[in-house]
There are 2 protein chains.
Amino acid sequence: MAELLVVGSVALDSVQTPFGKVADALGGSATYFSYAASFFTPVRLVAVVGRDFPRAHLDLLARRGVDLSGLQVSEGMTFRWAGEYGYDLNEAKTLDTRLGVFAEFRPSLPEHFRGTPFLFLANIDPELQYDVLRKVERPRLVALDTMNFWIKGKRRELLRVLAEVDALLVNDAETRMLTEEPNLTKAARTILSYGPRTVVVKRGEYGALMVTDGRFFFAPAFPLESVFDPTGAGDTFAGGFMGVLARAGTVDEGTLRRAIVYGSVMASFTVEDFSLTRLTRLSELEIEDRYRTFREMMRIEQ
Amino acid sequence: MAELLVVGSVALDSVQTPFGKVADALGGSATYFSYAASFFTPVRLVAVVGRDFPRAHLDLLARRGVDLSGLQVSEGMTFRWAGEYGYDLNEAKTLDTRLGVFAEFRPSLPEHFRGTPFLFLANIDPELQYDVLRKVERPRLVALDTMNFWIKGKRRELLRVLAEVDALLVNDAETRMLTEEPNLTKAARTILSYGPRTVVVKRGEYGALMVTDGRFFFAPAFPLESVFDPTGAGDTFAGGFMGVLARAGTVDEGTLRRAIVYGSVMASFTVEDFSLTRLTRLSELEIEDRYRTFREMMRIEQ
């Protein structure tokens, strides 16, 4: 079992879906990621919050054993995001973004974080992602997430950091945008030529696909009868994925595939309620049970 | 190995895609279906063409051993369809439909067809599908395809025939439209309450899912680097699916799952070229090879 470091955002989300709404609920990429990963391996978090950030939220992560010594508490407001989803729940409409202290975020790594063997660079400015890479000591595996905003606005910086990471996790629209290639198969292969050995494409209700050294692997999404709020699904997926890799300590094709399925399992729980609500009442038994169901749904030979 | 009967259309298609075009090429649901199924089991075809239908097309099916004694040749023009696809290749835009002799099609079964154990009712008027059911003698398995046109225009007739079939094959939009339920998981389960024991939802580039007795199975689509023309993919899928079931002779969960994957294999070849071009130069070796690749792409444990 190896340690896992995440650098990303801790935020307060206000979300409206056809099924209800929440205001200033716990959110952020590093939050979903570390909570999900904590079921599999010890997690270390680097992020920033303002002085307004509720203590109770930190306790939630601390109780999962997440090492919060890299969480900066700065003068100012915590990063706030407000969005809403329509009935198709596939894409959020951003209503408001207030960066607050996140605007000046400069990731700073406590000394004992520098040798962390597994590293996840959540969706932040690719220049900051690159900075973090300069501060760590030869991690065994580095994975990176990004979004359309950086693909459009900081393409050169993104390609620079991509050249140095092992795995890229993106959704299908981002895959096409990054490569300017409409065919997803070609697009995924093209990303391999940018540096990563592995690309994981998240496709929401259609599951995920992974390409490693030219080999494809497909996992479905869990067939949920009601998706309540998709916020955080991608970061939860990444948390399950990286958590399983770090737990294994080594990265081979079999581990990567199990990690993809565990990522899908974790994401399927997150979307069952707002914020981290479902995750906070999740048991290891439920995780293993859903993993078995996934295996059953994908097995050809009976 | 059991015989397989298909009732559907034989047509001449004019298709334009971003990659080229063909005029009056061999098409039709029963054509794609029977050609694909012929790789697995003996096939019997019931359809109608006009006197203008090229002899060479019939020879193509005859050489695959397809029993054409149920093919009516009527005075008038063969059914013609013209359509085009944009770059996303997901939905055809119909440019022209000339029903010709298909407008008066009344399926007539040769005596030796009546006891065929496996029956596929391709996408035709649900009243005709119901008629065919009255003419056959207790088949082991009946599957049915339909489309938005009948769901909207002949809902009552469609539900009547659905109540008597074992399996429904539809795409995701049709599944939602038929059940008036946006959640695909709920929608698929709802269809089971209409009569079928099995529902297969075709999702194009996202693969297929099957629900049988409440159990889900997911298969991806083959990750093609270029899709040339998606016309006939669904009927080819159905041909592979039913062909494998008929070859097995019995229908259990394991056979159904293998059938879904073979259906996906066959469809992945069809879309590599216009009309049946790719199928006509397909070898059993290629089919088995791609089946193994599918198995490899879906297997979690290495």
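Data block above holds the structure.
Residues numbered from 1 in each chain as written. Chains lettered and ligands numbered in written order. Predicted model: local features only at pLDDT ≥ 70, side-chain atom pairs only at ≥ 80, totals over all residues.

A. Structural context of the sheet that holds strand 8 (residues 118-121) of chain A. Residues and elements named next belong to chain A. Spatially, nine strands are ordered 5-4-1-8-9-10-11-12-13 in an open sheet, and the strand pairing comes out mixed. Strand pairing shows two members of the sheet lacking a second neighbour, strand 5 (67-74) and strand 13 (215-219), which therefore form its edges. On average, each strand axis in the sheet is tilted by 15° relative to the strand beside it, whichever way the strands run. In this structure, strand 4 (residues 43-50) lies alongside strand 5, joined through six bridges in parallel fashion. The partner of alanine 47 across the bridge, within strand 5, is leucine 71. Its contacts with the sheet put helix 9 (residues 253-270) on strand 11 (198-202), strand 12 (208-212) and strand 13, and the angle it makes with strand 12 is roughly 160°. (Pairing = 2+ DSSP bridges. Helix = DSSP H or I, 4+ residues; strand = E, 2+ residues; numbered from the N terminus. Axes fitted to C-alpha atoms, helices over the stretch in contact; angles between N-to-C directions. Contact = placed C-beta atoms within 7 Å.)

B. Region of the structure containing the pairing of strand 9 (residues 141-145) of chain A. Residues and elements named next belong to chain A. Counting buried residues along strand 9, five of its five residues qualify, which places the element largely inside the surrounding structure. Going residue by residue along strand 9, you find Leu141, Ala143 and Asp145 tucked away on one face and Val142 and Leu144 tucked away on the opposite face as well. By the bridge criterion, four bridges tie strand 8 to strand 9 in an arrangement that is parallel. Bridge pairing links leucine 119 to valine 142 in strand 9. Of the strand pairs in this sheet, strand 9 and strand 10 (residues 167-171) are connected by three bridges, and their pairing is parallel. Across the sheet, residue alanine 143 finds its bridge partner in strand 10, namely alanine 167. (Buried ≥ 20, exposed ≤ 12 C-beta atoms within 10 Å, placed from the backbone.)

C. Highlighting the relation of the copies chain A and chain B. Mapping chain A onto chain B calls for a rotation angle of 180° and an axial translation of 0.0 Å; the resulting RMSD is 0.0 Å. Expressed as a symmetry operation, the mapping of one chain copy onto the other fits a two-fold axis. A share of 100% of the interface residues of chain A reappears at the interface of chain B, consistent with the copies meeting face to face through the same patch. (Least-squares fit on C-alpha atoms with pLDDT ≥ 70 in both.)

D. Spotlight on unusual backbone geometry. All names here are of chain A. Phi is positive for aspartate 213, close to 50°, though the residue is something other than glycine. Along the polypeptide, aspartate 213 turns up in the loop between strand 12 and strand 13. By C-beta crowding, aspartate 213 is classed as exposed, having 8 other C-beta atoms within 10 Å.

E. Broad picture of helix 7 (residues 184-192) of chain B. Residues and elements named next belong to chain B. Those residues of helix 7 that fall on the buried side of the exposure criterion are Ala187, Ala188 and Ile191. Along the axis of helix 7, the buried residues cluster in a sector spanning 95°; they form a single face. Along its buried surface, helix 7 packs onto strand 10 (167-171), helix 6 (172-179), strand 11 (198-202) and strand 12 (208-212). (Arc of directions from axis to C-beta.)

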